[in-house]
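Examination of the molecular architecture
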Amino acid sequence: MEALKLATLADLLAHPDERVELIDGEIVRRPMARAEHAFAQSNLVGELHPLRRPTGPGGWWIATEISVLYEAHQCPSHDLAGWRRERLPERPSGIVELTPDWVCEIVSPGHERKDTLTLLLLLQRHRVPYYWLIWPEERTLVAYALDGATYRIIADLTVTGPEATRVAIPPFEAVPIDVGYILGG
């Protein structure tokens, strides 16, 4: 019987397809980005823009589609991830090896298990303080905060109409975001 060989960062970097990530030692193809996904991602970046400025409240590096190496066999590419500038004074480059302070995944059909279980457990194990999940088709945002060794839900929001819904969600209390706009308003 042949032993299972777990892929590493070297295998990921050598892969001919760039839309892949390393999850549990397996090189996994990332889902095709749909319009709902793209708008939710870009709208959230727009809402968080004041935090990205060097003089903004809180001082954050917030990036889209960024790869983070957590372990030898774990290098997911996050839809959005952020680091407080006090922990990471210089702008990150390449594959980041410092655990983020916040991660947001936009859940894609067929990849729900990865985002809601696999990544949740990975981020929890590496003590990422905040993890957000967005379901653009359902117009829902769920935010988790690390409480001891496990995540607890700190916000569970579903937007039903076009109304503006400004909410201050940790870790971004300094800039209330319009969840209705993010989720397709």
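Refer to the structure presented above.
Report on the accompanying structure. (Residues numbered from 1 in each chain as written. Predicted model: local features only at pLDDT ≥ 70, side-chain atom pairs only at ≥ 80, totals over all residues. Heavy atoms only, no water.)

On to the overall build of the protein, then. Counting its secondary structure elements, the protein contains four helices and 10 strands. Ordered by position from the N terminus, the helices and strands of the protein form the series α-β-β-α-β-β-β-α-β-β-β-β-β-α. On C-alpha atoms alone, the protein measures out to a radius of gyration of 16 Å, which is about the 16 Å that the 2.2 N^0.38 rule sets for 185 residues. Burial statistics for the protein: of 185 residues in total, 47% are counted as buried. Taking all contacts inside the protein whose residues are at least 6 apart in sequence as the whole, residues at least 24 apart take part in 51%. Of the roughly 9,400 Å² of accessible surface on the protein, a fraction of 55% belongs to carbon and sulfur atoms. Averaging the locations of the 18 positively and 26 negatively charged side chains of the protein gives two centres separated by 4 Å. (Helix = DSSP H or I, 4+ residues; strand = E, 2+ residues; numbered from the N terminus. Rg over C-alpha atoms; globule rule 2.2 N^0.38 Å. Buried < 20%, exposed > 50% of the residue type's maximum accessible area, 1.4 Å probe, protein only. Contact = heavy atoms within 4.5 Å. Areas by Shrake-Rupley, 256 points an atom, 1.4 Å probe, with all protein chains shown as cover. Lys, Arg positive; Asp, Glu negative; His and termini not counted. Charge placed at Lys NZ, Arg CZ, Asp CG, Glu CD.)

Here the focus is the pairing of strand 6 (residues 130-135). In terms of burial, strand 6 is largely enclosed, as six of its six residues are buried. Pairing geometry for strand 5 (residues 102-106) and strand 6, over five bridges, is parallel. Of the residues in strand 6, the one forming a bridge with Glu105 is Leu133. In the sheet, strand 6 pairs with strand 7 (residues 140-147) via six bridges, with the strands oriented antiparallel. Residue Tyr131 lies in a different strand from strand 7, and its bridge partner there is Tyr144. (Pairing = 2+ DSSP bridges.)

A few words on the nonpolar core. One broad trend across soluble globular proteins is that nonpolar side chains are buried collectively. Grouped together as the largest cluster of nonpolar side chains are 26 residues, with contacts concentrated most on Leu44, Trp102, Trp132 and Ile134. It is helix 2 (residues 35-52) that contributes the most residues to this core, five residues altogether. Not counting residues within four places of it along the chain, the set of residues in contact with Ile134 comprises Ala40, Leu44, Cys104, Glu105, Ile106, Val107, Thr140, Leu141, Ile182 and Leu183. Core analysis: the second largest hydrophobic core is formed by 22 residues, Ala81, Leu119, Trp135 and Tyr144 among them. (Core = buried A, V, L, I, M, F, W, Y, C linked by side-chain atoms within 4.5 Å.)

Any pair of aromatic rings gets described here by the distance separating the centres and the angle formed by the planes. Using the criterion set out here, one finds seven aromatic pairs in the structure. When the ring of Trp102 is compared with that of Trp132, the centres are 5.4 Å apart and the planes differ by 85 degrees; the resulting orientation is edge-to-face. In this pair, Trp102 is assigned in strand 5 and Trp132 in strand 6, connecting sequence segments 30 residues apart. Relative to Phe172, the ring of Trp102 has its centre 4.9 Å away and its plane inclined at 80 degrees; by these criteria the two rings are edge-to-face. On the criterion of sequence distance, the pair formed by Trp102 in strand 5 and Phe172 in the loop between strand 9 (166-167) and strand 10 (177-178) is long-range, its members being 70 residues apart. The two residues Trp102 and Phe172 agree in class, both being buried. Members of the aromatic cluster, connected to one another through ring pairs, are Trp60, Trp102, Trp132 and Phe172. Looking at Arg85, its charged tip hangs above the ring of Trp61, at a distance of 3.7 Å from the centre. (Phe/Tyr/Trp six-rings, centres within 6.5 Å; stacked < 30°, edge-to-face > 60°. Lys NZ or Arg CZ within 6 Å of the ring centre and 35° of its normal.)

Before going further, it helps to spend a moment on the sheet that holds strand 8 (residues 150-158). Spatially, six strands are ordered 3-4-5-6-7-8 in an open sheet, and the strand pairing comes out mixed. Each having just a single partner strand, strand 3 (60-67) and strand 8 make up the two edges of the open sheet. Strand-to-strand, the axes of this sheet are offset by a mean angle of 20 degrees, without reference to chain direction. In this sheet, strand 5 lies alongside strand 4 (residues 77-84) in antiparallel orientation, the contact comprising three bridges. (Axes fitted to C-alpha atoms, helices over the stretch in contact; angles between N-to-C directions.)

By themselves these figures say nothing about function.
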